[in-house]
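Chain by chain, the residues:
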Amino acid sequence: MADPAVAAVDILSAAKTYPNGTRALDPVSLTIREGEFVTLLGPSGCGKSTLLKMVAGLLGPSDGRIVLWGQPVEQVEAAGHRLSFVFQEATLMPWARVRANVRLPLDLAGEPRAAADARVADALRQVGLDKFSTSLPRELSGGMQMRVSIARGLVTRPDLLLMDEPFGALDEITRNRLDSDLLALWQAKQLTVVFVTHSIYEAVYLSTRVVVMAARPGRVVDQVAIDEPYPRDASFRVSTAFSAYAKRLQDSLLRASAVNDDTALA
Amino acid sequence: MMPLTPPSATPRLQRPEVQRVFYPALVAVLLLGLWQGLVVALEIPPFLVPSPLQVAQVMVADAGLLFGALVTTLKITLLAFVCATVLGVLIAFTFVQSRLVETALFPYAVLLQVTPIVAIAPLIIIWFKDPTLSLVMCATIVALFPVIANTTLGLRSVNPGLLSYFKLSRATRLQTLLRLRIPSALPYFFGGLRISSGLALIGAVVAEFVAGTGGTGTGLAYQILQAGYQLNIPRMFAALVLITLTGVLLFALMAMLSKWALGGWHESEVGHD
């Protein structure tokens, strides 16, 4: 179970400079505790996706290091923890039916078929798609495809969920609904979530803590705890507290880009 | 996605599957009628241009000869097509193992493609005494390149997001190949097969032309040559019609195979309604 005293992710002055000299991310130090819902918020080019991919081990930091439960990412599974990554696009196999797409991580791990099928059915129920297990991805709407992708992320029973702008390509109404569903899953499963977005409102609605980032070079400029109780419903979106947090984050983002513009002029 | 009215409610001629057969057939009937009419009206002798009816008569009268030749040509075509498919896929798999291998070998695949088969067919026929073997080799060379090029492209055309996902899930190289690269390559592979099936036939006919006068070939190209020497132009036309029909049939078969394999999911085969 999620224990707030335990650090799930420890980013120890990790930086990313590409071989051609581009500074994607200045050194970042950040600790994410078990059960937290942390959002990385910033404009494009601020290195938020880069940071998330480094946490997942998809990219190596050029400096510093990142540990998950005190282990390098390769040894996390041996230590009894699992992470799942949900991409910006649904990244489903177009030739495979929904249930086969969700079963993919279990198939790759060599899970026996019967046990895997039961877990797939379970995961599809959690995202409300149990009636679509034999559909092909192209027969589903963008929002439903994203749900399949989340089901695929949940089917391995992760305790850390990394999400890279998962709902960025969806319309606002669909996105809001998926955001609420995600919060319900996060609470029910006691997950630790690191969520990347460029939407201030999505960040406020979802997070226990928002990490504000800025571009050129990518860096962390601010951290804001969203001290509002869960479950959060639609009325939270129109509350004064919500607006106050949104303004706080917006000011933070503006201040960071203003500093950038000054240096550009100087 | 769903048609607004059930198919049974649309008039027969407005259904796309009926239109696809009806209109080309209409054009064929009109052209054949025009041809027949012109030949009869202008009294053109059969050794210049035979009428469609005369061609049909020869087709029936020389059925044994012509269809025997067709079987020979078809055998060469199919053997070459199978060889080209198997070889092409193997070569494509070798290419995608490393960029270095592809860089080193690709120019030679192109070389194979750009060398005119008529120029090397006599050599192959001299080197390999067995007529079937030499003809199959020539036709394989002609049909090989599209399979190599398309399959290589397909094996590389993997959705980068899915590739990242496989990497993140610590999939082995073999798992990535079987579960990701091969399915992703299928639409390209079938595109290659469609081109190659026609090329295998062309290769078989061209090789027969080169070999034919040697007296070894009994395929359709040999019949065309013989009919030419004898000024039996209706039989020449009949052989030509058989070659054309075979090509169309092969193409249609490949299209069906492709539809069967990709029907459900790939954009190229999903119906637009």
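No experiment lies behind these values; they were computed from the predicted model shown.

Counting residues in each nonpolar core, the largest one holds 48 residues, and the members touching the most others are Val102, Met163, Phe167 and Val204 of chain A. Structurally, this core is a two-domain feature, drawing no fewer than three residues from each of domain 1 (1–82 + 162–260) and domain 2 (91–157) of chain A. Setting aside chain neighbours within four positions, we find Phe167 of chain A in contact with Met146, Ile150, Arg175, Leu178, Asp179, Leu182, Phe195 and Glu202 of chain A. With 43 residues, the next largest nonpolar core counts Val9, Val38 and Leu68 of chain A together with Ala171 of chain B among its residues.

Residues and elements named next belong to chain A. Domain boundaries in chain A define domain 1 (1–82 + 162–260) and domain 2 (91–157). For domain 1 versus domain 2, the separation of C-alpha centres amounts to 25 Å. Taken together, the contact between domain 1 and domain 2 spans 12 residues of the former and 9 residues of the latter. Carbon and sulfur atoms make up 69% of the surface buried where domain 1 meets domain 2, a total of about 880 Å² over both sides. Contact with domain 2 buries area across many residues of domain 1, yet Arg82, Leu178 and Leu185 alone supply 45% of it, more than any other trio. At the boundary of domain 1 and domain 2, one finds 1 salt bridge. Residue Arg147 pairs with Asp181 through a salt bridge whose shortest N-O separation is 3.0 Å. At the surface where domain 1 touches domain 2, the tally comes to 2 residue pairs in polar contact (both at pLDDT 80 or more). Residue classes in the side of domain 1 that touches domain 2 are distributed as 7 nonpolar, 1 polar and 4 charged.

Our focus in this paragraph is the confidence of the model for chain B. Taken as a whole, chain B shows an average pLDDT of 87; of its residues, 92% reach a score of 70 or greater. For this predicted complex, the interface score ipTM comes out at 0.83, alongside a pTM of 0.80.

What follows is about the interface of chain A and chain B. On the chain B side, the residues contacting the 19 residues of chain A number 20 residues. Taken together, both faces of the contact between chain A and chain B bury some 1900 Å²; the carbon and sulfur share is 67%. On the chain A side of the interface with chain B, the three residues burying the most area are Trp95, Leu108 and Arg138 of chain A, jointly 39% of the side's total. For the interface between chain A and chain B, the tally reads 1 salt bridge. Its salt-bridge partner being Asp107 of chain A, residue Arg179 of chain B comes within 3.6 Å of it at the nearest N-O pair. Among the elements that take part in the side of chain A that touches chain B, helix 2 (residues 98–108) of chain A stands out by supplying 4 residues, more than any other. The residue makeup of the side of chain A that touches chain B, split by class, is 13 nonpolar, 1 polar and 5 charged.

All right, on to the sheet that holds strand 2 (residues 23–33) of chain A then. Residues and elements named next belong to chain A. In spatial order, the strands read 2-1-4; together these 3 strands make up an open sheet with antiparallel pairing. In this open sheet, the two edge strands, each paired with only one partner strand, are strand 2 and strand 4 (63–68). Sheet twist, expressed as the average angle between the axes of neighbouring strands with direction ignored, equals 15°. The pairing of strand 1 (residues 7–17) with strand 4 spans 5 bridges and is antiparallel. Residue Val9 lies in a different strand from strand 4, and its bridge partner there is Leu68. Helix 1 (residues 48–56) contacts strand 1, strand 2 and strand 4 of the sheet and is inclined by roughly 120° relative to strand 1.

Per the counting criterion, the structure on display carries 17 salt bridges over all chains. Residue Glu36 of chain A pairs with Arg209 of chain A through a salt bridge whose shortest N-O separation is 2.9 Å. In this pair, Glu36 of chain A is assigned in the loop between strand 2 and strand 3 (37–41) and Arg209 of chain A in strand 8 (residues 209–214), connecting sequence segments 173 residues apart. Judged on exposure class, the residue Glu36 of chain A and its partner Arg209 of chain A are both buried. Several salt bridges converge on common partners, so that one network encompasses Arg103, Asp107, Arg113 and Asp117 of chain A together with Arg179 of chain B.

Moving on, we get to the packing of aromatic side chains. Each aromatic ring pair is described using two quantities: the centre-to-centre distance and the angle formed by the ring planes. Scanning all chains against the criterion turns up 13 aromatic pairs over all chains. Consider the rings of Phe167 of chain A and Phe195 of chain A, whose centres lie 6.1 Å apart with planes at 55°: the pair is tilted. One end of the pair, Phe167 of chain A, is in the loop between strand 6 (160–164) and helix 5 (172–189); the other, Phe195 of chain A, is in strand 7 (residues 192–197), with 28 residues separating them in the sequence. With respect to burial, Phe167 of chain A and Phe195 of chain A carry one shared label: buried. Between Phe189 of chain B and Phe190 of chain B the ring centres are 5.4 Å apart and the planes differ by 65°, which places this aromatic pair in the edge-to-face class.

Turning to a nonpolar patch on the surface, a few remarks are in order. All names here are of chain B. Residues Leu13, Phe22, Tyr23, Leu26 and Leu30 make up a contiguous nonpolar surface patch of about 460 Å² in total accessible area. Within the secondary structure, Leu30 sits in helix 1 (residues 16–41). What makes Leu30 exposed here is its relative accessible area of 57%.

Next up on the list: the side chain of Thr151 of chain B. Residues and elements named next belong to chain B. In this structure, Thr151 sits in helix 6 (residues 131–156). Thr151 gets classed as buried once you look at its relative accessible area, which sits at 4%. Apart from the residues within four sequence positions on either side, Thr151 is in contact with Val89, Ala92, Pro146, Ala185 and Phe189.

As a further point, take the state of the cysteines. Residues and elements named next belong to chain B. Taken as a whole and assessed by the stated rule, the structure comprises 0 disulfides over all chains. Here Cys138 stays free of any disulfide, with the sulfur of Cys83 as its closest cysteine sulfur at 12 Å. In this structure Cys138 comes out as buried when scored by relative accessible area, which is 0%.

What counts, and where the lines are drawn
Residues numbered from 1 in each chain as written. Chains lettered and ligands numbered in written order. Predicted model: local features only at pLDDT ≥ 70, side-chain atom pairs only at ≥ 80, totals over all residues. Heavy atoms only, no water. Core = buried A, V, L, I, M, F, W, Y, C linked by side-chain atoms within 4.5 Å. Buried < 20%, exposed > 50% of the residue type's maximum accessible area, 1.4 Å probe, protein only. Domains from an automatic or database assignment. Contact = heavy atoms within 4.5 Å. Buried area = accessible area lost by both parts, 1.4 Å probe. Salt bridge = Lys/Arg side-chain N within 4 Å of Asp/Glu carboxyl O. Polar contact = N/O pair within 3.5 Å; in protein donor to acceptor, adjacent residues only side chain to side chain. Nonpolar A, V, L, I, M, F, W, Y, C, P; charged D, E, K, R; others polar. pLDDT = per-residue confidence, 0-100. Helix = DSSP H or I, 4+ residues; strand = E, 2+ residues; numbered from the N terminus. Pairing = 2+ DSSP bridges. Axes fitted to C-alpha atoms, helices over the stretch in contact; angles between N-to-C directions. Phe/Tyr/Trp six-rings, centres within 6.5 Å; stacked < 30°, edge-to-face > 60°. Patch = residues over 30% accessible without salt bridge, like charges linked within 9 Å, V, L, I, M, F, W, Y side chains within 5 Å. Areas by Shrake-Rupley, 256 points an atom, 1.4 Å probe, with all protein chains shown as cover. Disulfide = S-S within 2.5 Å.

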